[in-house]
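Structure at a glance
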Amino acid sequence: MADVFAKCRLPATYQFVKDLGVYPYYRAIEERPGGAEVVIDGRVLVQAGSNDYLGLSGDERVTEAAAGATRRLGAGGGGSRLGNGSLALHEELEARLAAFLGRAAVMVTSAGYLANLALGALVGPEDTVIGDRLIHACLIDAVRLGGARLRRYRHHDMEHLERLLDAGEPGAGRLIVTEGMFSTSGSVCDLPGIARLARLHGARVVLDSAHDVGVLGAAGRGAAEHHGVEDAVDVQTLTFSKALGTVGGAVAGPEEIIAYLRHYARSMVFTAALSPGCAAAALAALGIVAAEPERRDRLRVAALRLSGDLAATGYAVVPADRPVMAVPVGDDLLCFRLWRELFDEGVFATAMVPPGVPPGQALVRVSVTAAHTEAHLDRIASAFAAAGRRLGLTREG
Ligand code: PMP
C-alpha cells in the first residue's frame, strides 16, 4: 500500500541550492532596528522586501495601541468570532474600516489570506470566476473552496477578459477577480476597463486591495480610489499585514453580503478571532493612514528614485512610483545567486521563483517603505549595481 508521506520529499535542487549557499528562504531575523533594517546572523542589513509600506509596524502609536489592548483584553481572541471571541474592539474596527472605505459593511478576519478565502462562500459549482493570470494564491484557493470554475485572462489583458466573458455559459454567474496593485510587480490593474466589461456582461467585481490600501489613492483607499471607480467594485478585500503594519484582514461590501459571509465563510466561522493587539494596532494604523497622507507622498518619491536607479544601472525595470518593483532574472538559479550577492552586500530582498511566479520568470522583488532614508536607498541601489556587474546582469557587467 502506498504511503501518503512518500511524496513529501524536497526535490534534489533544494539541497543543491543549499549547498551552493544561495538558499534564500526562512532567513531568521534577530532584531529589527528602526523600520528599515534587520539583523540576520548578527549582521545589519537593509530590509528591501517588507510590505510594511508606510513604516507603521514599529510606529510607537501602533505598538502602544497593541500593547494597551493586549494588557486590557489578553494576548489571544479566545474563540471564534461567531461563538465567544467577538470583541467590541472588532466591531469598532469594522465600523471604522467601513467609514474609511466608504462601504456599507466590513467583516474583519484573522489574516488577509482568510479574508480572501471567505470569498469561496460567494461562489458555487454553477459559477465562473474570471481572474487575472497573476492573482494571488489565496484567491485561487477561494475559488477551489467554493467549487466554482476558474478562468484566467492574460495579465492586464482586457481583450482576453472580454473573450472569456463572451465565452461563458449563458445564465452562469460570473465574478471578475483582480488584485489592485499586483504583489510581485507593483503594476496596477486596469480597473476602469474591468468595470466597463463587468457592466456590459452583468458580472460582479472583487478587488483584492492587499497591496494598495494605504498606498494608492489620495485618501489611501486603494486602487479603486486611484482610478475613480469605487462604485464599480462590489466587494473589496484587504489585509492589515502590509500598509497597516500588523496582521489581520477584512472583507468590505454590501450589508447582506457581509452578513452572509459572517455565517457561511468557513475561514471566518471556524477560526479564532483576530487578537486584541492586532485589532488595536490596525485601528491605530488606520488613523495614521488617514491623517498622514505625506507618508504616501514620501513612498512615491522613494519608489521613483530607486526604480530610476535600477533602470539606470541596466536592469529591466521601468521607473515608476509604486513601492513594489520586480527585477526580472528569468533563471531560478541566477535569481538565487543575485539574491545572495545582494545579501552579502547588506540588502535583504526577496527571491521569487515558480510557483510564486510563472516558469522561466524568476525575479528579485524589491519593496521600498516610507521608513527608508536616502542612505538606505543608496545602499540598495549600489548593492544591485555591484551584484549586476559581478553576475553580468547589467550593461556594465
Ligand atoms: N492578497 C495578496 C495579493 C497578497 O499578496 C497577500 C499576502 N502576501 C494576501 C492577500 C494575504 O494576506 P495576509 O498575508 O494578510 O494573509
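Residues numbered from 1 in each chain as written. Predicted model: local features only at pLDDT ≥ 70, side-chain atom pairs only at ≥ 80, totals over all residues.

1. Some thoughts on the overall build of the protein
Helix and strand content of the protein: 15 helices and 13 strands. Once the C-alpha set of the protein is aligned to its principal axes, its extents read approximately 55 × 55 × 55 Å. Looking at the 397 residues of the protein, the share that counts as buried comes to 50%. Sequence separation of at least 24 residues holds for 70% of the intrachain contacts in the protein that already meet a minimum separation of 6. (Helix = DSSP H or I, 4+ residues; strand = E, 2+ residues; numbered from the N terminus. Buried ≥ 20, exposed ≤ 12 C-beta atoms within 10 Å, placed from the backbone. Contact = placed C-beta atoms within 7 Å.)

2. Some words on the site of the ligand
Around the ligand, 14 residues are found, and the nearest of them are Gly112, Tyr113, Ala210, Thr239 and Ser241. Among the elements that take part in the shell around the ligand, helix H5 (residues 112-117) stands out by supplying three residues, more than any other. Its residues assigned to classes, the shell around the ligand shows four nonpolar, eight polar and two charged. (Near = placed C-beta within 6 Å. Nonpolar A, V, L, I, M, F, W, Y, C, P; charged D, E, K, R; others polar.)

3. Points about helix H14 (residues 332-344)
Look at H14: 19 Å from first C-alpha to last across 13 residues, which is about the 18 Å you get at 1.5 Å a residue. Every buried residue of H14 is listed here: Cys335, Phe336, Arg337, Leu338, Trp339, Glu341, Leu342 and Phe343. Buried residues along H14 sit against helix H1 (12-19), strand E10 (324-330), strand E11 (347-348), strand E12 (350-352), strand E13 (362-367) and helix H15 (374-391). Directly after H14, the chain includes Gly346, whose backbone phi takes a positive value near 95 degrees. (Expected span 1.5 Å × (residues − 1).)

4. Examining unusual backbone geometry
The omega torsion across Pro354 and Pro355 is 10 degrees, close enough to zero to call that bond cis. Unusually for a residue other than glycine, His156 sits at a positive phi of about 65 degrees.

5. A short note on the sheet that holds strand E1 (residues 37-40)
Spatial ordering of the open sheet is given by E1-E2-E11, a layout of three strands whose pairing is mixed. Of all strands in the sheet, those with a lone pairing partner are E1 and E11, marking the two edges. Here strand E2 (residues 43-47) runs beside E11; their pairing, made up of two bridges, is parallel. Across the sheet, residue Gln47 finds its bridge partner in E11, namely Phe348. (Pairing = 2+ DSSP bridges.)

6. What about the UniProt feature "domain: Aminotransferase class I/classII large" (unreviewed entry) in the protein?
Listed under "domain: Aminotransferase class I/classII large" (unreviewed entry) in the UniProt record, and renumbered for this structure, are residues 49-383. Overall, residues 49-383 shows 44% helix and 17% strand. The separation of its end C-alpha atoms is 14 Å. (UniProt positions renumbered as here; feature names shortened; annotations may be inferred.)

7. Describing the sheet that holds strand E8 (residues 235-239)
To summarise the sheet geometry, strands pair through backbone hydrogen bonds and adopt either a parallel or an antiparallel arrangement. Ordered in space as E3-E9-E8-E7-E6-E4-E5, the seven strands form an open sheet in which the pairing is mixed. Bordering the open sheet on either side are strand E3 (105-109) and strand E5 (149-153), each of which pairs with just one other strand. Within this sheet the neighbouring strands show an average axis-to-axis angle of 20 degrees, counted without direction. Across four bridges, E8 lies against strand E9 (residues 249-253) in antiparallel orientation. Within the sheet, the bridge partner assigned to Thr237 lies in E9 and is Val251. (Axes fitted to C-alpha atoms, helices over the stretch in contact; angles between N-to-C directions.)

8. Quick look at the domain arrangement of the protein
Taken domain by domain, the protein holds domain 1 (12-47 + 293-391) and domain 2 (60-291). Distance between the C-alpha centres of domain 1 and domain 2: 27 Å. The interface of domain 1 with domain 2 comprises 13 residues on the first partner and nine residues on the second. Elements with a minimum of two residues in the side of domain 1 that touches domain 2: helix H13 (294-313), E10 and E13. Among the elements that take part in the side of domain 1 that touches domain 2, E10 stands out by supplying three residues, more than any other. Counted by class, the side of domain 1 that touches domain 2 contains ten nonpolar, no polar and three charged residues. (Domains from an automatic or database assignment.)

9. What to know about helix H2 (residues 60-73)
For H2, built from 14 residues, the straight-helix expectation of 20 Å at 1.5 Å per residue is met to within 8% by its first-to-last C-alpha distance of 19 Å. Along H2, the residues classified as buried are Val62, Ala65, Ala66 and Ala69. Down the axis of H2, the sector holding all buried residues measures 100 degrees, keeping them to one side. Exposed residues lying more than 90 degrees from the buried face of H2 are Glu60 and Arg71. (Arc of directions from axis to C-beta.)

10. Considering the packing of H14 against H15
Two quantities define a packed helix pair, namely the angle between the helix axes and the distance between the axes. Where H14 contacts H15, the axes come no closer than 9 Å and their chain directions differ by 135 degrees. The angle between the axes of H14 and H15 places the two elements in the oblique class. Here H14 runs over H15; the crossing is right-handed. Taking contact as the criterion, the partners of Leu334, Arg337, Leu338, Glu341 and Leu342 in H14 are, on H15, Ala383, Phe384, Ala387, Arg390 and Leu391. Counted by class, the contact of H14 with H15 contains seven nonpolar, no polar and three charged residues. (Parallel < 35°, antiparallel > 145°, perpendicular 65-115°, else oblique. Left-handed = near helix turned anticlockwise from the far one by under 90°.)

11. Side note on the environment of Arg262
Considering the arrangement of structural elements, one finds Arg262 in helix H10 (residues 255-264). You can call Arg262 partly exposed: it has 18 C-beta atoms within 10 Å. Taking the C-alpha atoms as reference, Arg262 lies 8.7 Å from Arg81; in sequence the two are 181 residues apart. Here Arg262 is in contact with Met107 and Met268, once residues within four sequence places are set aside.

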